Amino acid sequence: MSANDESSNHQKAEELKVSANEAFKSNKFAQAIELYSEAIELNESNAVYWANRAFAHTKLEEYGSAVLDATKAIELDPKYSKGYYRRGAAYLAMGKFKDALKDFQQVKRLCPKDPDATRKLKECEKAVQKIRFEEAISVEETVRRSVAETLDYRVIEVEPQYTGARIEGEKVTLDFVKKMMDDFKNQKCLHKRYAYQVVLQARELLKAMPSLVEVSIQNGNHFTVCGDVHGQYYDLLNIFELNGLPSEENPYLFNGDFVDRGSFSLEIILTLFAFKCLYPNAMYLARGNHESKGMNKIYGFEGEVRSKLSDTFVELFAEVFCYLPLAHTLNGKVFVVHGGLFSVDGVKLSDIKSIDRFREPPEEGLMCEILWSDPQPQLGRGPSKRGVGLSFGADVTKRFLQENNLELVVRSHEVKDEGYEIEHDGKLITVFSAPNYCDQMGNKGAFIRFTAPELKPDIVTFSAVPHPDVKPMAYASNFLRMFQ
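Keep in mind the model is a prediction, meaning the values are calculated, not measured.

1. Brief notes about the environment of Ile 429
Part 1 of the argument: One can find Ile 429 in strand 12 (residues 428-431).
Part 2 of the argument: Residue Ile 429 is classed as buried on the basis of its relative accessible area of 2%.
Part 3 of the argument: Expressed as a C-alpha distance, the spacing of Ile 429 and Glu 407, which sit 22 residues apart in the sequence, is 12 Å.
Part 4 of the argument: Not counting residues up to four positions away in its chain, the partners in contact with Ile 429 are Leu 408, Val 409, Val 410, Arg 411, Glu 421, Ile 422, Ile 448, Pro 457 and Ile 459.

2. Considering the side chain of Ser 292
Part 1 of the argument: Here Ser 292 lies in the loop between strand 4 (283-285) and helix 12 (293-299).
Part 2 of the argument: Taking relative accessible area as the criterion, Ser 292 reaches 8% and is therefore assigned buried.
Part 3 of the argument: When residues no more than four places from it in sequence are discounted, the contact partners of Ser 292 are Arg 287, Phe 321, Glu 360 and Pro 361.

3. Structural notes on the packing of aromatic side chains
Part 1 of the argument: The tally for this structure, following the rule as stated, stands at 23 aromatic pairs.
Part 2 of the argument: Relative to Tyr 234, the ring of Tyr 233 lies with its centre 5.6 Å away and its plane at 85°, an arrangement referred to as edge-to-face.
Part 3 of the argument: In this structure Tyr 233 comes out as buried when scored by relative accessible area, which is 0%.
Part 4 of the argument: Since its relative accessible area comes to 9%, Tyr 234 is described here as buried.
Part 5 of the argument: The aromatic ring of Trp 50 is capped on one face by Lys 72, whose charged end is 5.8 Å from the ring centroid.

4. Some thoughts on the sheet that holds strand 13 (residues 445-451)
Part 1 of the argument: Ordered by their spatial adjacency, five strands build an open sheet running 4-3-2-13-14, and the pairing between neighbours is mixed. With one partner strand each, in any of the chains shown, strand 4 and strand 14 (458-462) form the two edges of the open sheet. Going across the sheet, the axis of each strand differs from the next one's by a mean of 20°, ignoring polarity.
Part 2 of the argument: Here strand 3 (residues 252-254) pairs with strand 4 via three bridges, running parallel. Each bridged residue has a counterpart across the sheet, and for Tyr 252 the counterpart in strand 4 is Met 283.

Conventions adopted
- Residues numbered from 1 in each chain as written.
- Predicted model: local features only at pLDDT ≥ 70, side-chain atom pairs only at ≥ 80, totals over all residues.
- Heavy atoms only, no water.
- Helix = DSSP H or I, 4+ residues; strand = E, 2+ residues; numbered from the N terminus.
- Buried < 20%, exposed > 50% of the residue type's maximum accessible area, 1.4 Å probe, protein only.
- Contact = heavy atoms within 4.5 Å.
- Phe/Tyr/Trp six-rings, centres within 6.5 Å; stacked < 30°, edge-to-face > 60°.
- Lys NZ or Arg CZ within 6 Å of the ring centre and 35° of its normal.
- Pairing = 2+ DSSP bridges.
- Axes fitted to C-alpha atoms, helices over the stretch in contact; angles between N-to-C directions.

Structure representation (structure tokens):
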């Protein structure tokens, strides 16, 4: 390449970077990634392009890709502080605090007088110290006592001045659920006696279910599948407004990630658990990757529960989340799972049924992949852009469906501009039900209605509705909020 050609390419790359920055400012992060990628093709030795693309990946929760890009920026320029900064932020979002600490220590060395770098390093040091303390006092899961078995909600007194929803007796009623939902809408709290009762009764129902639940839908009846709702309670109310409340005639499956990020996660989980108690065979709940202690500690649910209820409830929810089923089938035709498929062929439904799910998600294996994996446009399998699980192509989806005599995979786990996306030759649908995710993505939400016997997917999209002025991540760890 001549010097003139190289100069021309570098100039074009700078123009692309400017366009990418504008897309980023407009929250068009996927477009920004494409433009940064074009700039990198023209000038792959510019560390700024790699670090900027890493930042855009972080915004799309593609933390594995962000780490790779930031690492490349560091290789190109070991003194480029933003490379370490971007990688540290991605490690932080993945819960890898010790790796994040190393990067922020390097930022501090490179920018010793930067007050922002000093502040973030101190917060990261606090997070690592807390983790080390928790590790030191932790008890092995095999010997840990169930917190649920130590609780008796019946002995908790309800103050005379309490005017909220009440459960009269042992059974959750529709009147109670409606009153509770209305109280939540008006930012009122449920008394902890009734919160305990709902969660403990839901625990018993979920504990008795298999890891793979086979849902039967009678001919002429319909069934609705919703994706991630992520603490966006007012959008959940809108789903019920559009599609009706759950009932024996109007069953739902919520496909994981009920909590975190949105700041009304407690209201969502209590509402879903209450409907599970009311209609055990008309409210199905699947575990997502955010129904876990590690995610809840970082992304807000733990802080929200501690603020609105108590530390004991934090432990209780962590326990009950381990009882959530991992996957569902609809009439033996549709396979519904939060994340995706597997790193090996030959996985049968019987293998999923036999997973021991009563634990925190592992970092590899079938349970991890169910919760974390994503589809990819290329055939075959590839590394996960999230840094956990894997990416799988249309051929992987086709073989899994054929081997298990299924017709369609429905999964969630990824924000989509239209609330859904149909991929893999029509054999896989992503559905995401949190519109304008985190108050910044501008996406629609969606849910899918299936009617038996055909079970043809009828996709309904909707826009975000207003909510009280409590920002997403309001209860997240201080350290993570600094990067939002």
